[in-house]
Amino acid sequence: MTDGTPTATPAPPTPAPPTPATPTAAAAPPARRSDATRAAILEAARERFAADGYERATIRAIARDARIDPSMVMRYYGNKEGLFAAAVAVDLRLPNLGAQAREDVGRALVRHFLDLWEDSEILTALLRVGATSQAGAERMQGIFRDQLLPVTREVCPDAEQVPARAALCATQLLGLALTRYVLRLPPVVALHPEEIVAWLAPTVQRYLTAAHP
């Protein structure tokens, strides 16, 4: 029984604030994933080009080695030519021979190239491809033209002889690389780096600075 006084309606309960979602491991940033994918593609491409040569290497095989879809290779590099150019992009970081004592330029150049060959699989892959395909040969010619010629010009006594002298230097340096790192001739492989420098430096020095015979 009531006394006629209206009964107050209770207020609806205040909804509880939403529970924060449990934090999860953040996905790798797109840029990082892209860098990792590119690195995997280039590594697979170098190995495949070195093993099969330019003509026989395929985008599909490279993608399989990199464990990605072939469309990703095409997305980043467009075609096999673009991939090859990226995979064997080489900066020889040649020393400034003009800053060396004139009698030491042969030794400096041989030592620099030997250090490069010892540490870089890219150069070995490029040499293999360059010896078996037109695309590889053209890539080697471009490196010779753009990087070795300017260095030779710094010390050559006659500007007209720069191309021939640079080419003669290349016969020694590429010949060493071919026999030591590709053909792996046992006597050449067994040579200590200091022995190689001692044998080759005088010849390279003569190509660079001696009077024309």
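Above this text is the structure in question.
Residues numbered from 1 in each chain as written. Predicted model: local features only at pLDDT ≥ 70, side-chain atom pairs only at ≥ 80, totals over all residues. Heavy atoms only, no water.

Colleague: Could you clarify how one ought to interpret helix H3 (residues 70–77) in this entry?
Modeller: Because an α-helix completes one turn every 3.6 residues, residues spaced three or four positions apart along the sequence face the same direction. When H3 is considered as a whole, its buried residues turn out to be Val73, Tyr76 and Tyr77. For H3, the angular spread of the buried residues around the axis is 75°, confining them to a single face. Of the residues one or two after H3, glycine 78 is the one with positive phi, at around 85°. (Buried < 20%, exposed > 50% of the residue type's maximum accessible area, 1.4 Å probe, protein only. Helix = DSSP H or I, 4+ residues; strand = E, 2+ residues; numbered from the N terminus. Arc of directions from axis to C-beta.)

Colleague: What is the right way to look at the side chain of lysine 80 in this model?
Modeller: Secondary-structure assignment places lysine 80 in helix H4 (residues 80–87). Buried charged residue lysine 80 carries no salt bridge. Nearest counter-charge: glutamate 55, at 5.0 Å. A distance of 3.3 Å separates a polar atom in the side chain of lysine 80 from the backbone oxygen of glutamate 55. One polar contact links the side chain of lysine 80 to the main-chain carbonyl oxygen of alanine 57, over a distance of 3.0 Å. In contact with lysine 80, other than residues within four places in its own chain, are Phe49, Tyr54, Glu55, Ala57 and Ile59. (Lys, Arg positive; Asp, Glu negative; His and termini not counted. Salt bridge = Lys/Arg side-chain N within 4 Å of Asp/Glu carboxyl O. Polar contact = N/O pair within 3.5 Å; in protein donor to acceptor, adjacent residues only side chain to side chain. Contact = heavy atoms within 4.5 Å.)

Colleague: In this structure, what is going on with the packing of aromatic side chains? I would like to understand it.
Modeller: Ring pairs (aromatic) are described by centroid distance and by the angle formed between their planes. Applying the stated criterion across every chain yields a total of 5 aromatic pairs. With a centroid separation of 5.9 Å and 15° between ring planes, the pair formed by phenylalanine 49 and tyrosine 54 is classed as stacked. On the basis of relative accessible area, phenylalanine 49 is assigned to the buried category, the value being 1%. With a relative accessible area of 13%, tyrosine 54 lands in the buried category. The interplanar angle of 70° and the centroid separation of 5.1 Å between the aromatic rings of tyrosine 54 and phenylalanine 84 together place this pair among those described as edge-to-face. Placement of the pair is tyrosine 54 in helix H1 (residues 30–56) and phenylalanine 84 in helix H4, with a sequence separation of 30 residues. Taken as a pair, tyrosine 54 and phenylalanine 84 share a single burial class, namely buried. Through a chain of ring-to-ring contacts, three or more aromatic side chains come together here, namely Phe49, Tyr54 and Phe84. Over the ring of tyrosine 77 we find arginine 38; its NZ or CZ atom is 5.8 Å from the centre of that ring. (Phe/Tyr/Trp six-rings, centres within 6.5 Å; stacked < 30°, edge-to-face > 60°. Lys NZ or Arg CZ within 6 Å of the ring centre and 35° of its normal.)

Colleague: I'm lost on the environment of threonine 152 in this one. Help?
Modeller: Turning to its location among the elements, threonine 152 is positioned in helix H7 (residues 134–153). Residues threonine 152 and arginine 165, 13 residues apart in the sequence, show an inter-C-alpha distance of 7.5 Å. Look past the residues within four positions of threonine 152 in its chain and what remains in contact with it is Val162, Arg165, Ala166 and Leu208. At a separation of 3.0 Å, a polar atom in the side chain of threonine 152 contacts the main-chain carbonyl oxygen of leucine 148.

Colleague: Would you take a moment to explain a nonpolar patch on the surface for this structure?
Modeller: On the surface, a cluster of nonpolar side chains totalling about 240 Å² of accessible area is made up of Leu178, Leu183 and Leu185. With respect to the helices and strands, the residue leucine 183 is situated in the loop between helix H8 (162–182) and helix H9 (186–190). (Patch = residues over 30% accessible without salt bridge, like charges linked within 9 Å, V, L, I, M, F, W, Y side chains within 5 Å. Areas by Shrake-Rupley, 256 points an atom, 1.4 Å probe, with all protein chains shown as cover.)

Colleague: How should I be thinking about the environment of isoleucine 68 in this particular structure?
Modeller: Residue position: isoleucine 68 is located in the loop between helix H2 (59–66) and H3. Among the residues examined, isoleucine 68 registers a relative accessible area of 22% and is labelled partly exposed. Sequence spacing of isoleucine 68 and threonine 37 is 31 residues, and the spatial spacing of their C-alpha atoms is 8.2 Å. Ignoring sequence-local partners within four residues, the contact set of isoleucine 68 consists of Thr37, Ile41, Ala63 and Val73.

Colleague: How should I be thinking about the pattern of salt bridges in this particular structure?
Modeller: Pairing is possible between side chains of opposite charge, provided their charged atoms come close. Enumeration according to the criterion identifies 5 salt bridges in this entry. With its nearest N and O atoms 2.7 Å apart, the salt bridge here joins glutamate 194 to arginine 111. In this pair, glutamate 194 sits in helix H10 (residues 193–209) while arginine 111 sits in helix H5 (residues 105–119), placing the two residues 83 residues apart along the sequence. For arginine 111, a relative accessible area of 30% puts it in the partly exposed group. Because the salt bridges share partners, they merge into one network encompassing Arg48, Asp52 and Asp65.

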